[in-house]
Amino acid sequence: MTPDQFLQGQVMPMLGPGEQVLHTAYMRRQPGLWAQMLVIGALILYWVTTAYFVVLTNRRAILIRTKMSFWTGGPKLLNLGIEQWDVRALAQCTTSGFANNRSMTFHYRDGRTDTLRLSPWSGKIAGTKAFLELVPQLINSGHLQQLALAVAPEPFRPGAAVIISAPDGSRYPATVVTWAAGQYQCTLADGQAHWFPEAAVAVG
């Protein structure tokens with residue numbers, strides 16, 4: 001199985017009604033370029049790097065944490081947990097770096113930032129080069145946020161039966177208690193109530 005096939009198999013069950021995959025990439029959280037060049041050796045860099053399969057849809061960004069191969073630098077076929085961003089919260093995206101060591105910084109409306117690095121020439125995931133070239137314009141023009149608003153679902157009513165997609169990729173039945181600020185409070189089968197991001201809640 002190729003990394004692209006693995007990624008497709010992981011993300012398709014996560015998609016909600018009207019949600020479509022726009023771009024995919026292999027990206028990493030790791031120290032900046034100057035730190036890599038002047039301070040950090042290859043072995044240390046390997047241990048301080050967190051690798052992700054990244055999927056951008058018309059509603060959210062899905063980051064599937066994996067491990068980076070020491071020998072090839074590519075992603076292993078592992079799902080070690082999921083992180084999600086609502087794209088409506090994004091204000092802009094900036095890029096930096098050069099050649100095959102680039103970075104993308106995502107700026108949120110609340111002032112937070114998140115920087116991910118990628119190698120557009122590597123081909124570890126087929127869409128990585130296009131992700132770097134097209135996604136910043138999609139975010140900075142506001143078009144991605146408009147797409148998200150167009151497919152944003154109506155909030156589930158209290159008492160609705162739903163399915164929760166947990167960060168580890170598991171899915172659990174739950175019941176909606178209330179909704180506020182893009183999150184649902186849901187009661188799980190053990191009777192415990194927790195808050196979940198809107199993107200993690202689907203029709204039960």
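In this text the structure is predicted, and so the values were computed from the model without any measurement. (Residues numbered from 1 in each chain as written. Predicted model: local features only at pLDDT ≥ 70, side-chain atom pairs only at ≥ 80, totals over all residues. Heavy atoms only, no water.)

Novice: Looking at this structure, how should I read the nonpolar core?
Specialist: A general tendency of soluble globular proteins is for nonpolar side chains to be buried together. Ranked by size, the top nonpolar core spans 23 residues in total, and within it M27, L56, M104, F106 and F131 carry the most contacts. Those elements that provide at least two residues to this core are β1 (21–29), β2 (50–57), β3 (60–66), β5 (90–98), β6 (101–108), β7 (113–118), α4 (128–140) and α5 (143–151). Residue contributions to this core peak at five residues, all from α4. Core analysis: the second largest hydrophobic core is formed by 13 residues, L7, M14, V55 and I82 among them. (Core = buried A, V, L, I, M, F, W, Y, C linked by side-chain atoms within 4.5 Å. Buried < 20%, exposed > 50% of the residue type's maximum accessible area, 1.4 Å probe, protein only. Helix = DSSP H or I, 4+ residues; strand = E, 2+ residues; numbered from the N terminus.)

Novice: What should I look at first to understand the pairing of β2 in this one?
Specialist: Where a strand is regular, its side chains alternate between the two sheet faces. Across the eight residues that make up β2, a large majority, seven, are buried. Examined bridge by bridge, β1 and β2 share eight bridges and lie antiparallel to one another. Directly across from R29, in β2, lies its bridge partner T50. Sheet analysis places β2 next to β3, joined by six bridges and oriented antiparallel. Residue L56 lies in a different strand from β3, and its bridge partner there is A61. Hairpin connection of β2 to β3: two residues between the antiparallel strands. (Pairing = 2+ DSSP bridges.)

Novice: It is not clear to me how the sheet that holds strand β10 (residues 183–188) should be interpreted in this structure. Could you clarify?
Specialist: Across a sheet, strands are paired by hydrogen bonds formed along the backbone, either parallel or antiparallel in direction. One open sheet holds the five strands; their spatial order is β11-β10-β9-β8-β12, and the pairing between them is antiparallel. Taken across any chain shown, the strands that pair with only one partner, and hence form the sheet edges, are β11 (193–197) and β12 (201–203). Averaged over all neighbouring strand pairs, the angle between strand axes comes to 50°, with direction disregarded. Both strand β8 (residues 161–165) and strand β9 (residues 171–180) contribute to a ladder of five bridges, which runs antiparallel. What sits directly across from A161, in β9, is T175. (Axes fitted to C-alpha atoms, helices over the stretch in contact; angles between N-to-C directions.)

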